[in-house]
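Survey of secondary and tertiary structure
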Amino acid sequence: PTVKEAPRVLAPRRVSRTFAVGDIFMGGDAPISVQSMTTTPTHDINATLQQIAELATAGCDIVRVACPRQEDADALPAIAAKSPIPVVADIHFQPKYVFAAIEAGCAGVRVNPGNIRRFDDQVRDIARAANDHGTALRIGVNAGSIDQRMMKDLQRVTPEALVESAVWEASLFEEHDFHNFAISVKHNDPVIMVEAYRQLAARGDWPLHLGVTEAGPAFQGTIKSSVAFGILLAEGIGDTIRVSLSAPPVEEVKVGNQILQSLNLKPRKLDIVSCPSCGRAQVDVYTLAEKVTEGLKHLEVPLRVAVMGCVVNGPGEAREADLGVASGNGKGQIFVKGEVIKTVPEADIVEVLLEEANRIAATMDAA
Ligand code: SF4
C-alpha cells in the first residue's frame, strides 16, 4: 500500500482545548469547521429547515439561527431535532431565550457579552444549564457589543478593548466551571480583527471562531474575509470560521470551504487550474473554465483540472494536473496524468474534459 503524504500546511495549529458542538468537535486537532447563519425567519420552521438542508449540502458544518422573539424560541426544539447539522441559537438581548435554547436541545448558543453584563447573576445559571445539557457556548464580542468599561476614553474600538472584553466575559463563565465555549472578537476592519485574534490567541487556550463582521457584498466580503482568515489560519489560529456576506448564506459556506482548501486545512476537492488568458490565447479561456467548473461542481474527489489558453504554459500545467487541456490552432490537446490522450476540435473540448473527469473521478471514488 502507498503511504499518503500529509498535506503541507503553513504552520502548526495553535493548541486549544476541545469540546463538542453536537457531533462536531471544536478546537484541538478537530477539523476547522465552517459555519453560516440562516436568513429565514426562525419561526418559519419549514423554510429554516429547508435552508439548513441547503447549507449542509454545500458543506456547512454548524448553522446559527437568530432568536429575537418568543415565536423563534418556540421553533427551536423542532429545528434542533430535525436539522442534519448542529444548530446554534443566536441570542442578543433576552437571557430567557438562552435557557429556552439550551432546553430546546440546541447544540450551542451564541451569547452577546455586552448584554450578559446586565445579568451577571445569571451567568451561574446559564453555566449550570449548559453543563447539564451538554450545550456549547460562543462568547461573541464585536464592536457593537463591547463592554463599555473596556472602552475607557477610547473613541474607536481597538483590538485591546475587544480582547479585554472577551477575556473578562470568559472569566465569568470559567468562575462557574464552564469551559465549553469558543470566543470571537469580530470587527469589520480586517487589520483590527487580525490583531485582536492574535492577541486573544496568546491569552488562553479557548477555541477561536473567526469572523469579519459586516464584511460587505460578495466581492468585497470574500476578499476581506479571505485576507483576514488567511493571515490567521496561516499562523495556526482559528478553529471554526464564518464568512459574513451580504449574499445568500450558501455563498458564505462555499467561500469558507474554499479558504480552508486553499491552505490545505481541508481536503481539496475540485481544483481548476486555469490561466488568466492573454494576447496569446487561442481559445476563450474564461468560458471554457466556467463551463468546466460548472460541469464538474458535483465532484467530491480531489481532482485537479488544468484549462490553459495556449501552448506556452499549457502543456506544462496540463501535465501536472490529473486532467488538462492545452489549446491552440482551434484544437485542444487533452492530457490525462501527464500523457496526451487525444487532440480534439475546440468545439468538443468541454464535452471531452467532462467525460474524462467523470471517468477519472469514478476510479478515485472506487479506490
Ligand atoms: Fe497566455 Fe497561454 Fe499563459 Fe494562458 S497559457 S496566460 S494564453 S501564455
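Conventions adopted
- Each chain has its residues counted from 1, following the order in which its sequence is written.
- For this predicted model, a pLDDT threshold of at least 70 governs which residues receive local features, and a threshold of 80 or more governs which side-chain atom pairs are given and counted, while totals over whole chains, interfaces and linings are taken from all residues.
- Only hydrogens and water are set aside; all other atoms, that is, all heavy atoms of the structure, feed into the side-chain values.
- Strands are runs of DSSP state E lasting at least two residues, helices are runs of H or I lasting at least four, and both sets are numbered from the N terminus onward.
- Classification of residues uses two cut-offs on accessible area relative to the type maximum, computed with a 1.4 Å probe and protein chains only: under 20% is buried, over 50% is exposed, and between them is partly exposed.
- Only heavy atoms enter the contact rule, under which two residues are in contact if any of them lie within 4.5 Å.
- Axis angles are defined between N-to-C directions and span 0 to 180 degrees, where every axis is a line fitted to C-alpha atoms and, for a helix, only to the segment in contact.
- Comment on the angle field: the value is read as roughly parallel under 35 degrees, roughly antiparallel over 145, roughly perpendicular from 65 to 115, and oblique elsewhere.
- In a left-handed crossing the near helix is turned counterclockwise from the far helix by less than a right angle, and in a right-handed crossing that turn is clockwise.
- Residue classes follow a fixed rule: Ala, Val, Leu, Ile, Met, Phe, Trp, Tyr, Cys and Pro count as nonpolar, while Asp, Glu, Lys and Arg count as charged, and any other residue, Gly among them, counts as polar.
- By this definition, two strands are paired if DSSP reports at least two bridges between them.
- Residues enter a nonpolar core if they are buried and are Ala, Val, Leu, Ile, Met, Phe, Trp, Tyr or Cys, with the set joined through side-chain atoms within 4.5 Å.
- Just to be clear on terms, a salt bridge is a Lys or Arg side-chain nitrogen sitting within 4 Å of an Asp or Glu carboxyl oxygen.
- Each Phe, Tyr or Trp ring, with Trp reduced to its six-membered ring, pairs with another whose centre is within 6.5 Å; inter-plane angles below 30 degrees give stacked pairs, above 60 give edge-to-face pairs, and intermediate values give tilted ones.
- Only lysine NZ and arginine CZ atoms are considered, and such an atom sits over a ring when it is within 6 Å of the ring centre and within 35 degrees of the ring normal.
- UniProt positions are given in the numbering used here, feature names are shortened, and annotations may be inferred rather than shown by experiment.

Details of the overall build of the protein chain
Looking only at helices and strands, one finds 13 helices and 15 strands in the protein chain. Across its three principal axes, the protein chain shows a C-alpha extent of roughly 75 × 45 × 45 Å. When each of the 367 residues of the protein chain is scored for burial, the buried share is 52%. Considering only contacts within the protein chain whose residues lie at least 6 apart along the sequence, 62% involve residues at least 24 apart.

As for the packing of helix 1 (residues 45-58) against helix 2 (residues 70-82)
At a closest axis distance of 10 Å, the pairing of helix 1 and helix 2 adopts a crossing angle of 30°. Classified by the interaxial angle, the pair formed by helix 1 and helix 2 is roughly parallel. In this structure, helix 1 meets helix 2 at a crossing whose hand is right-handed. Residue-level inspection shows I45, T48, L49 and I52 of helix 1 in contact with helix 2, the latter providing A75, A78, I79 and K82. By residue class, the composition of the contact of helix 1 with helix 2 is 6 nonpolar, 1 polar and 1 charged.

Re the sheet that holds strand 7 (residues 136-142)
With parallel pairing, the 8 strands of this open sheet are ordered in space as 8-7-6-5-4-3-10-9. If you trace the sheet from one side to the other, it starts and ends with strand 8 (181-186) and strand 9 (209-211), each paired once. Strand-to-strand twist across the sheet, computed as the mean angle between neighbouring axes with direction ignored, equals 25°.

A few points about the pairing of strand 15 (residues 339-345)
The pairing of strand 14 (residues 331-336) with strand 15 spans 6 bridges and is classified as antiparallel. The residue of strand 15 that forms the bridge with Q333 is T343. Here strand 14 hands over to strand 15 after 2 residues, with K337 in that stretch at a positive phi of 45°.

A short note on the nonpolar core
In this structure, F173, F181, M193, L200 and F229 are the most contacted members of the largest nonpolar core, which totals 73 residues. With 8 residues, helix 7 (residues 159-175) is the single largest residue contributor to this core. Ignoring anything within four residues of it in the chain, the contact list for F229 reads M193, L210, G211, V212, A234, I241, R242, V243 and I259. Core analysis: the next-biggest nonpolar cluster, separate from the first, contains 30 residues, V285, A306, V352 and A357 among them.

Brief notes about the pattern of salt bridges
Inspection of every chain in the model, using the stated rule, returns 20 salt bridges. Between D90 and R110 there is a salt bridge, with the nearest N and O atoms lying 3.3 Å from each other. Of this pair, D90 sits in strand 5 (residues 87-91) while R110 sits in strand 6 (residues 108-111); the two residues are 20 residues apart in sequence, bridging distant segments of the chain. Between R359 and E356 there is a salt bridge whose closest N-O contact spans 2.6 Å. Here the residue R359 and the residue E356 both occupy positions in helix 13 (residues 349-366), the gap between them amounting to 3 residues, near one helical turn. The buried category is assigned to E356, whose relative accessible area is 8%. One connected set of salt bridges, linked through shared partners, spans R13, R14 and D239.

Considerations on the packing of aromatic side chains
Evaluated as defined, the whole model comprises 3 aromatic pairs. These aromatic residues form a ring-pair network of at least three members: F173, F178 and F181. Taking NZ or CZ as reference, R17 lies 5.4 Å from the ring centre of F181, over its face.

Here we look at the UniProt feature "binding site: [4Fe-4S] cluster" (unreviewed entry) in the protein chain
What UniProt calls "binding site: [4Fe-4S] cluster" (unreviewed entry) maps, in this numbering, to C275, C278, C310 and E317. With respect to the helices and strands, the residue C275 is situated in the loop between strand 11 (271-274) and helix 11 (285-296). The buried category is assigned to C275, whose relative accessible area is 18%. Leave out the neighbours within four places in its chain, and C275 touches V285, V307, M308 and G309. With respect to the helices and strands, the residue E317 is situated in helix 12 (residues 314-320). Among residues more than four places away in sequence, those in contact with E317 are V273, R304, A306 and M308.

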